[in-house]
2 protein chains.
Amino acid sequence: MAGTTQELKDITIAFDVMGSDHGPEEVVRGAAQLSIEAPHIHALLVGDRELIDAALADTKHRAEQISVQHAPDFVGMDEKPGEALARKKNASVAVAAQLVADGEAQALVSAGNTGAGVLACARHFKLIPGVRRAALAAVYPTRGTRGEKQDPFSLILDVGATVEATAEDLVAFAVMGSAYARIISRNERPKVALLSNGVEPQKGPPRVVDAHAKLSSMEGIHFVGNVEGVEIPKGTVDVIVTDGFVGNVCLKMLEGVHETVMDLARYAYKEKLRWRAGLAMLSSGIQRIKDITDWEQYGGAPILGFDRIFIKAHGRSKARAITNAGKVAAKAVAHQLGTTIQEGLAK
Amino acid sequence: MAGTTQELKDITIAFDVMGSDHGPEEVVRGAAQLSIEAPHIHALLVGDRELIDAALADTKHRAEQISVQHAPDFVGMDEKPGEALARKKNASVAVAAQLVADGEAQALVSAGNTGAGVLACARHFKLIPGVRRAALAAVYPTRGTRGEKQDPFSLILDVGATVEATAEDLVAFAVMGSAYARIISRNERPKVALLSNGVEPQKGPPRVVDAHAKLSSMEGIHFVGNVEGVEIPKGTVDVIVTDGFVGNVCLKMLEGVHETVMDLARYAYKEKLRWRAGLAMLSSGIQRIKDITDWEQYGGAPILGFDRIFIKAHGRSKARAITNAGKVAAKAVAHQLGTTIQEGLAK
């Protein structure tokens with residue numbers, strides 16, 4: 001692992017409490033649980049103080065590990081990020097990002113508007129030297145497992161931060177994804193692949209062909225070449241690299257397949273009595289199908305490329321997912337993700 | 001329907017008999033079955049005469065509707081199309097395409113190397129006026145149904161013929177896909193959408209944004225705007241338009257999800273006795289999941305944009321799929337697909 005591991009007790013995670021689907025209470029509960037499970041992590045809750053205090057009063061937590069920054073404004077899920085942030089100077093995600101930039105916390109966790117999160121990072125954080133564009137990575141469940149903890153998740157990036165990526169951007173995404181997988185999945189040598197319309201090095205548009213050539217000659221990254229779409233659900237590689245347009249389409253497609261499978265299961269439970277017994281017997285099988293297609297089950301997705309760490313939790317995150325996102329953020333800080341990426345780009 | 005319907009008895013379909021996964025016998029059986037099911041369609045079998053005659057001898061067929069053109073060479077599935085066609089001047093797919101170009105047949109059906117098929121079309125056929133690049137369309141099963149025959153298939157194009165498409169190409173693909181859906185699915189007003197990373201008109205790379213603006217002001221096409229990847233498995237639209245790179249990734253992804261679901265089903269049958277009863281009860285449910293993810297179950301995919309019709313049957317096609325591909329080809333000829341596309345582009 002690159003860099004020296006920082007003392008975990010030094011770590012403060014800023015939580016953007018506002019604007020998630022389940023309201024501030026759920027995010028506060030997640031942070032409260034974190035204070036109990038991880039006594040070495042400090043939580044800085046950014047949002048409406050009254051709502052936060054009310055939620056804390058109802059939730060078991062270690063008060064000495066939790067502090068609050070009042071910021072009642074927030075960007076709604078359906079608002080246009082740019083306009084909303086211009087109108088709401090003190091939106092919780094912007095205030096939280098500023099606090100992280102100022103060193104009041106080392107990482108940011110938000111379950112709010114994704115675009116606003118990416119924009120807040122772009123405005124308050126600096127890009128890592130050698131990185132031209134940031135990438136939003138998605139963690140999704142696969143059939144294969146990886147790393148010393150048999151992690152059943154693969155990483156795909158970018159899924160929407162950089163709609164058009166150059167060959168250089170794709171190379172940077174590969175390095176960032178590899179560093180993240182090494183640190184978070186404890187996977188010493190993650191397999192990294194470029195998504196293309198064929199496995200041959202010359203397959204794909206010029207940006208992909210050029211990125212393939214560059215990655216093939218790079219050290220410190222386990223580049224296994226191109227993979228086709230068929231490999232995405234299988235999880236045969238640990239990190240899949242593509243531009244934000246293609247990555248977004250693929251991620252949404254996984255979501256669509258999942259919804260289809262779940263609709264069939266719900267239909268079976270409601271409509272077909274004889275199916276019910278079958279589904280009960282098949283539950284583990286159905287669950288596996290669900291796991292493979294349900295990218296939401298994993299709480300956090302990192303925004304990579306900035307000198308500060310931002311873990312974007314899904315808008316529908318429950319307390320459990322928020323707690324996990326906080327742990328992932330702390331792990332990324334402790335293992336100096338930014339330094340690891342910068343070293344990787346230098347190779 | 002545009003154009004006047006041609007007398008079906010005039011129609012001859014050229015079948016490239018060579019180079020499919022199951023060998024010439026399977027393609028010949030499909031054509032033989034067509035001669036019995038569709039007495040108005042003539043089949044011109046192009047391939048190794050000895051193999052064809054042997055297969056015909058074993059298969060019930062109407063001899064007066066079947067003729068043979070000897071062409072023993074063919075492009076293997078793993079061969080590079082360009083090199084192979086240069087080396088094998090008389091490869092069956094090239095001979096068949098030439099016969100269609102010469103008017104000996106009105107359409108071509110092949111289950112061989114897809115790249116070789118596209119290349120043979122490009123060399124022997126002319127692009128329809130107004131079409132700059134051809135598109136390979138894939139027909140895949142969805143949850144929704146459409147058209148007067150409740151067709152459960154959606155069309156996605158391009159899936160690999162044109163890796164990089166301009167806005168103009170995407171507009172042409174939309175018109176071609178709409179015309180094909182109208183004729184083959186008997187869907188008078190197919191919903192056509194652009195695949196993007198958001199539904200808003202300004203979402204996506206410039207080519208997609210520009211194509212959106214052009215399609216919005218076009219007549220004779222039912223353009224419903226952008227769809228995200230989540231809509232692909234659902235089949236909420238009838239024709240999804242994208243470039244060959246993204247389309248290929250999406251199609252292969254559907255294949256990967258299908259393989260995953262089928263592996264689980266096979267595993268259940270083999271390993272888990274208690275699952276077996278459950279699977280039996282759930283068979284219709286599993287079948288529906290399979291249908292939704294199995295894009296292979298539909299035999300033929302058209303290569304659109306040329307003045308002649310080419311239906312590419314899947315390499316793993318059995319006789320049944322070949323017969324269907326022949327019927328689809330005849331239908332496209334009878335309803336003058338090319339004229340319909342040309343008229344659509346003029347609007």
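Note that the structure is a prediction, hence the values are computed from the model and not measured.

1. With respect to the packing of helix α1 (residues 23-37) of chain B against helix α2 (residues 49-57) of chain B
All names here are of chain B.
Consideration 1: Running from N to C, α1 and α2 point in directions that differ by 55°, and their axes come no closer than 9 Å. Considering the angle they form, α1 stands oblique to α2. In this structure, the crossing between α1 and α2 has a hand that is right-handed. Residue-level contacts link Pro 24, Glu 25, Val 28 and Ala 32 of α1 to Leu 51, Ile 52, Ala 55 and Leu 56 of α2.
Consideration 2: The residue inventory of the contact of α1 with α2, partitioned by class, reads 7 nonpolar, no polar and 1 charged.

2. Concerning the confidence of the model for chain A
All names here are of chain A.
Consideration 1: Averaged over every residue, the pLDDT of chain A is 87; residues scoring 70 or more account for 84%.
Consideration 2: Taken as a whole, residues 292-296 scores under 50 in pLDDT and shows 21 contacts with residues more than four places along the chain or in a different chain.
Consideration 3: In the predicted complex, the global pTM is 0.85; the interface-specific ipTM is 0.81.

3. A word on the packing of aromatic side chains
Residue and element names in this part refer to chain A.
Consideration 1: As enumerated under the stated definition, the model contains 2 aromatic pairs over all chains in all.
Consideration 2: When the ring of Phe 125 is compared with that of Phe 306, the centres are 6.3 Å apart and the planes differ by 70°; the resulting orientation is edge-to-face. Here the residue Phe 125 occupies a position in the loop between α5 (114-124) and β5 (135-146), and Phe 306 occupies one in the loop between β10 (300-304) and β11 (309-313), the gap between them amounting to 181 residues. The same class applies to Phe 125 and to Phe 306, which are both buried.
Consideration 3: Geometry around Phe 74 places Lys 88 over its ring, the cationic atom sitting 5.9 Å from the centre.

4. Let's talk about helix α6 (residues 167-184) of chain B
Residues and elements named next belong to chain B.
Consideration 1: Taking 1.5 Å as the rise per residue, α6 with 18 residues should run 26 Å; its terminal C-alpha atoms sit 26 Å apart, in good agreement.
Consideration 2: Most of α6 sits inside the fold, with 17 of its 18 residues counted as buried.
Consideration 3: Backbone geometry just after α6 places Arg 186 at a positive phi near 50°.

5. A closer look at the environment of Gln 336 of chain A
Consideration 1: Tracing the chain through its elements places Gln 336 of chain A in the loop between α11 (319-334) and α12 (337-346).
Consideration 2: C-alpha of Gln 336 of chain A to C-alpha of Ala 174 of chain A: the two residues are 162 residues apart in sequence and 17 Å apart in space.

6. Digging into α5 of chain A
Consideration 1: The set of residues buried in α5 of chain A consists of Ala 116, Gly 117, Val 118, Ala 120 and Cys 121 of chain A.
Consideration 2: Next to the buried residues of α5 of chain A lie α3 (81-87), α4 (92-101), β10 and β11 of chain A.

About the thresholds
Residues numbered from 1 in each chain as written. Chains lettered and ligands numbered in written order. Predicted model: local features only at pLDDT ≥ 70, side-chain atom pairs only at ≥ 80, totals over all residues. Heavy atoms only, no water. Axes fitted to C-alpha atoms, helices over the stretch in contact; angles between N-to-C directions. Helix = DSSP H or I, 4+ residues; strand = E, 2+ residues; numbered from the N terminus. Parallel < 35°, antiparallel > 145°, perpendicular 65-115°, else oblique. Left-handed = near helix turned anticlockwise from the far one by under 90°. Contact = heavy atoms within 4.5 Å. Nonpolar A, V, L, I, M, F, W, Y, C, P; charged D, E, K, R; others polar. pLDDT = per-residue confidence, 0-100. Phe/Tyr/Trp six-rings, centres within 6.5 Å; stacked < 30°, edge-to-face > 60°. Buried < 20%, exposed > 50% of the residue type's maximum accessible area, 1.4 Å probe, protein only. Lys NZ or Arg CZ within 6 Å of the ring centre and 35° of its normal. Expected span 1.5 Å × (residues − 1).

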